[in-house]
Amino acid sequence: MIEGIYEPHHTRGDLHLACDVVVIGSGAGGATVAATLAEAGLDTIVLEEGPLYETKEYSANIPEMLTKLMRGGGSTVTMGRSPVPYLEGRCVGGTTVVNGGMCWRTPERILDEWVDDRGLHHLSAKRLDPHFEEVERTIDARHQDPGSEGRVNDLFYKGATNLGWKLSQNKRNQRHCVGSNDCVTGCPSGAKRSTLYSWLPRFFARGGRLYTHTKVKKILTERGRAVGVTGELQDPYRKRRFRVRARAVVVACGAVQTPLLLQRNRLCRGSGHVGQNFTIHPNVKLAAKFDTEVNSLRGAHQAWQCTEFVNEGILLAPGAIPLAFMSAIFPLFGQALAEKMRDYRFIATGGVLVDDSASGYIRALPFGIPHIHYDVTDVDQEKFVRAAALLAELYFAAGAKEVYTAFHHFPVLKSPDDIKRLYAHPPRVEDTEYFTAHLMGTCRMSSDPTQGVVDPDGRAWDVPGLYIADASVLPGTIGVNPQVTIMAIARLIALQLGERLLANRAA
Ligand SMILES: Cc1cc2nc3c(=O)[nH]c(=O)nc-3n(C[C@H](O)[C@H](O)[C@H](O)COP(=O)(O)OP(=O)(O)OC[C@H]3O[C@@H](n4cnc5c(N)ncnc54)[C@H](O)[C@@H]3O)c2cc1C
Ligand code: SF4
């Protein structure tokens, strides 16, 4: 048992709780807010819909871990011209438990745009710097120990270096990662510092309480002000309810669940932006076959990124993926797929990430059904084709014999000459398989109440006492992995909220 965490068997009957601040969600945003408020001296409760799983329970058993740690067993998908699978963590620590651990600050060009074009002056690089530092210290953002990267990363490095392309070494939130490549099913060595092992211990050290299995359904309001929440305690043995009364409510359910919760409560409807501006950093995977052993079961998920093309909105990266997912890369089935999978030790996987120029939307339909819509645009598809061609070029430069793509009509590139054919007959959106891990923007922050859902302090424009602090408040797409950005902005929001509540208490 972790002191401060209450699972259903630790309590009896319905729960009636009171505190200064109730935080919904324990992922990147929620855990950061909770620790920051508790350290400011505020009585804070975190409600987390998912269960608690600790290091000793994480394993490489993909079907079991997907079911335990992820919403819908990992079978979530956006609808549109081509469906895009995505994953949402649903456990204590949220998506940080299943993420790849890459740590990037928001690029300055993005922060400048937020300041200059959107009037979000407190999001300047200078103002955010101390918060980035605090986040990086708390989650142990650092380079891999030498020798832990694995050949998937070494080959990527070799290809980029041979071509003279710029490389950046990833920092990851880990302590002595051994390179077991199991990040997506929870780190079994305890190296990865998800919020369960970074922000939440700080929260518990200050007396913070976290209740698992507590799915918030209703945000309580009195005279238009948020005053608490209610929901169902998902106790497998009995029907139980909970109610928490608080001076402020912070929603941090992630970029999909936060707008759904607000829409179901018919809150924050003034701007029309709840559930809009949904950006997802879509990516496509590639796999390259070498004639020497790669063994992608060893190594860190991603130790390098190729930043040569970032000004075009294109990021190339290696990405070691578990064996079960690798089988989906090959355009084969039956015996032919079984034969190909024998080659797995010779396969390196990677991906391309594209800054999306379009956005989708999220809508709560009747009977609790969500509609998650995203269309990859033709403009972005041009970038995908170029990005995939560049990554294929990189792999051939590293010595690959064949490259497998995510394009149905060009499943295999057998030589650099085939890349020219790809450019000559660019695949359509409908013939491309995408994936995403970065969901953002659905309750965006704005300096103008007609343009977003929360103000620059994270306060809902329409509902006093209601705050949002997760990926949904990001004002736009950021082009890099988002957890550090989410945590830095969440910390900023929590510090302002803490000051305000303490000042009111003193008055
Ligand atoms: C496979 C994968 C790899 C990734 N790799 C990286 C990476 O390497 N680097 C990086 O920076 N980012 C990465 N990300 C993205 C990053 O982890 C997320 O952007 C980030 O965790 C989102 O933070 P959040 O607070 O918005 O939501 P989450 O971290 O998802 O937390 C939301 C929490 O709210 C809970 N919740 C939802 N609804 C309710 C409710 N009604 N009541 C109570 N609780 C509720 C959920 O159970 C969840 O625990 C990755 C994501 C995935 C899926
Ligand atoms: S690669 Fe490193 S951080 Fe990821 S699961 Fe393995 S030991 Fe943990």
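In short, a report on the structure. (Residues numbered from 1 in each chain as written. Chains lettered and ligands numbered in written order. Predicted model: local features only at pLDDT ≥ 70, side-chain atom pairs only at ≥ 80, totals over all residues. Heavy atoms only, no water.)

Taken together, 38 residues lie near ligand 1, and Gly-29, Glu-48, Thr-95, Met-102 and Gln-483 sit nearest. Separating an oxygen atom of ligand 1 from a backbone N or O atom of Gly-101 is a distance of 3.1 Å. Computed on the free molecule, ligand 1 has an accessible area of 1000 Å², of which 95% lies beneath the protein chains in the complex. Taken together, the elements giving at least two residues each to the shell around ligand 1 come down to helix H1 (28-39), strand E11 (214-222), helix H7 (254-264) and helix H12 (483-506). Among the elements that line the shell around ligand 1, the one with the most residues is E11, at three residues. (Near = heavy atom within 4 Å. Polar contact = N/O pair within 3.5 Å; in protein donor to acceptor, adjacent residues only side chain to side chain. Areas by Shrake-Rupley, 256 points an atom, 1.4 Å probe, with all protein chains shown as cover. Helix = DSSP H or I, 4+ residues; strand = E, 2+ residues; numbered from the N terminus.)

Overall, the coordinates contain three cavities of 30 Å³ or more when judged by the stated rule. Its boundaries defined by the atoms lining it, the largest cavity holds a volume of some 110 Å³. Contributing to the lining of the largest cavity are 16 residues, with Arg-172, Cys-177, Ser-180, Cys-183 and Cys-187 lying nearest its centre. A breakdown of the residues in the lining of the largest cavity according to their chemical character gives six nonpolar, seven polar and three charged. Forming the walls of the second largest cavity are Thr-55, Tyr-58, Val-97, Cys-187, Gly-190, Lys-192, Ser-194 and Tyr-197. Classifying every residue of the lining of the second largest cavity by side-chain character gives four nonpolar, three polar and one charged. (1 Å grid on protein atoms, 1.4 Å probe; cavity = no way out; pocket = protein on both sides within 12 Å on 5 of 7 lines; lining within 4 Å. Points joined across faces, edges and corners; volume = space filled by probe spheres on them. Nonpolar A, V, L, I, M, F, W, Y, C, P; charged D, E, K, R; others polar.)

A few words now on a nonpolar patch on the surface. On the surface, Leu-365, Phe-367 and Ile-369 cluster together to form a nonpolar patch covering roughly 360 Å² of accessible area. Tracing the backbone through its elements, the reader meets Phe-367 in the loop between strand E18 (361-364) and strand E19 (370-373). (Patch = residues over 30% accessible without salt bridge, like charges linked within 9 Å, V, L, I, M, F, W, Y side chains within 5 Å. Salt bridge = Lys/Arg side-chain N within 4 Å of Asp/Glu carboxyl O.)

Notably, His-213 is not glycine yet its phi reads approximately 60 degrees, a positive angle. Along the chain, His-213 falls in the loop between strand E10 (209-211) and E11. The buried category is assigned to His-213, whose relative accessible area is 18%. (Buried < 20%, exposed > 50% of the residue type's maximum accessible area, 1.4 Å probe, protein only.)

On to the site of ligand 2. Taken together, the neighbourhood of ligand 2 is formed by 13 residues, with Cys-177, Ser-180, Asn-181, Cys-183 and Cys-187 sitting nearest. Because more than half of its atoms lie within 2 Å of the grid, ligand 2 is assigned to the largest cavity. (Sits in = over half its atoms within 2 Å of the grid points.)

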